[in-house]
Amino acid sequence: MVEPFVLPETAAVLAGLAAQEGPHLADMSAADMRATYGALGTMFDAPPEAGVRSIDVQGGGVPLRAYFPVAAQAGPVIVYMHGGGWVIGDLETHHPLCTMLAAVTGLRVVAVDYRLAPEHPYPAAHDDCLAAARWVAGSPPELEAPVSGIAVAGDSAGGNLALHVATKMGSDTVKAQLLIYPVGDCTAPDHGSYKQFAEGYVLDRKLMDRFIGDYLPDPARAGEPAVSPVLHPVPADLPPTIILTAGLDPLRDQGRALAGLIAATGTEVHFIEAQGLIHGLATMRGAFPTADRIMRRAGRLLADLMRG
């Protein structure tokens, strides 16, 4: 088998992490997993963007954080759903990323603090994200100016959640979507990139098994369209879509498959693959200059699609 291409910046991070002692993330309690994930963000992420104001609000019964890059103006809003396997991650772990998206796009961003597993299994996160997106689309006064439509965006499990919201709400309301290395198949396929990168690249098979087991305690539901969209026809009424994959990611082929399925419906699809980078690049931009450039490019493209 041909050795995969690894950027020097990626190799340095992987070597540093491999030298760390301690239990595997998947062997920790949910509380310890969350704390460790937060600490990794502190180590590897970029700082928040200057000049972006944020406020914490409640919408649709869900805690949210709204970001304002400038004085609020009428227009579209990005609804962001964080990654973390539906088990870890929160408003803080994705705060720098959301400030960057607001700064680069010039648009308001609303991050969703959905309920986490195992305390709140499927479909809690899916329900929360849909409720939050509907609240944002209703042009609430908390967002300080009328909302003309939304885009949905998210990384990993958040990409899965974003696609679910777009599927339920349709392209009349959801004007664009950005799916960053999305989860597309929770039946744990033993082939392709899922097998090739099963260990050694931060997100591994063991950790995915833990995430899926916590969020989907009933294995019979793992193949449902909301959590395994690549196993089903996707609806034709999806908005213009950006799909970003990482070259060294067990979920890489799931993102590729989603791009193909969505494009086959005639929907506009922009596909970006971050060669030589790993899953998690969106929240490791301080360690990966290449990832920072790619994410800023994706943000600008999302803004262009929203504005038509």
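Per chain, residue numbering runs from 1 following the sequence as it is written. Owing to the predicted nature of the model, reporting of local features is limited to residues with pLDDT of at least 70; listing and counting of side-chain atom pairs is limited to 80 or more, with chain, interface and lining totals taken over all residues. In computing side-chain values, all of the structure's heavy atoms are included and hydrogens and water are not.

**Q** It is not clear to me how empty space enclosed by the protein should be interpreted in this structure. Could you clarify?
**A** The rolling of a water-molecule-sized probe over the atoms marks out the regions of remaining empty space. Detection works on a 1 Å grid of protein atoms alone, calling trapped sets that fit a 1.4 Å probe cavities and calling open sets with protein on both sides within 12 Å along at least five of seven lines pockets, with lining residues defined by an atom within 4 Å of a point. Grid points are joined across faces, edges and corners, and a volume is the space filled by probe spheres set on the points. For the structure on display, the rule yields one cavity of 30 Å³ or more. Tyr80, Met81, His82, Asp90, Leu91, His94, Cys98, Ala111 and Val112 are the residues that line the largest cavity. Only DSSP runs of H or I covering at least 4 residues are called helices, and only runs of E covering at least 2 are called strands; the numbering of each starts at the N terminus. Those elements giving two or more residues to the lining of the largest cavity turn out to be strand 3 (75–81) and strand 4 (108–112). Gly counts as polar in this scheme, as do all residues outside two lists: the nonpolar Ala, Val, Leu, Ile, Met, Phe, Trp, Tyr, Cys and Pro, and the charged Asp, Glu, Lys and Arg. Looking at the lining of the largest cavity residue by residue, the class counts come to six nonpolar, two polar and one charged.

**Q** In this structure, what is going on with unusual backbone geometry? I would like to understand it.
**A** Backbone geometry follows two general trends: most residues other than glycine have a negative phi, and most peptide bonds adopt the trans configuration. Going from alanine 117 to proline 118, the amide bond is cis rather than trans, its omega being 5°. Here the amide bond leading from tyrosine 122 into proline 123 is cis, since omega sits at 10°, within 30 degrees of zero. Within the fold, proline 123 resides in the loop between strand 4 and helix 4 (124–137). Even without glycine at this site, tyrosine 181 takes up a positive phi of about 30°. Each residue is placed in one exposure class: buried if its accessible area under a 1.4 Å probe, protein chains only, is under 20% of its type's maximum, exposed if it is over 50%, and partly exposed if it falls in between. Judged by relative accessible area, which is 1%, tyrosine 181 ranks as buried. A positive phi angle, near 75°, is found at valine 202, a position not held by glycine. By relative accessible area, valine 202 is classed as partly exposed at 39%.

**Q** Any chance you could explain the layout of surface pockets here in plain terms?
**A** Counted as a void, the largest pocket has a volume near 1,000 Å³. Secondary-structure elements contributing two or more residues to the lining of the largest pocket are helix 1 (8–18), helix 2 (30–44) and helix 7 (205–215). A class-by-class count of the residues in the lining of the largest pocket yields 19 nonpolar, 14 polar and four charged. Here the second largest pocket is characterised by a volume of approximately 190 Å³. As for the second largest pocket, its lining consists of Asn160, Leu163, His164, Thr167, Lys168, Pro225, Ala226, Pro229, His232, Pro233, Val234 and Pro235.

**Q** What's the story with the packing of helix 4 against helix 5 (residues 157–169) in this structure? I'm lost.
**A** Helix-helix packing is described using two parameters, namely the angle between the two axes and the distance between the axes. Running from N to C, helix 4 and helix 5 cross one another at 55°; their axes reach a closest spacing of 9 Å. Relative to helix 5, helix 4 is oriented oblique. The handedness of the crossing between helix 4 and helix 5 is right-handed. Along the contact surface, helix 4 presents Ala125, His126, Cys129, Leu130, Ala133, Arg134 and Ala137, while helix 5 presents Asn160, Leu161, His164, Val165, Lys168 and Met169. Considered class by class, the residues forming the contact of helix 4 with helix 5 number eight nonpolar, three polar and two charged. Here an angle of 0 to 180 degrees is reported between the N-to-C directions of two axes, which are lines fitted to C-alpha atoms, with helices fitted over the stretch in contact. Roughly parallel refers to an angle under 35 degrees, roughly antiparallel to one over 145, roughly perpendicular to one between 65 and 115, and oblique to any angle outside these ranges. By definition, any crossing whose near helix is turned counterclockwise from its far helix by less than a right angle is left-handed, and any crossing with a clockwise turn is right-handed. We call two residues in contact whenever any of their non-hydrogen atoms come within 4.5 Å of each other.

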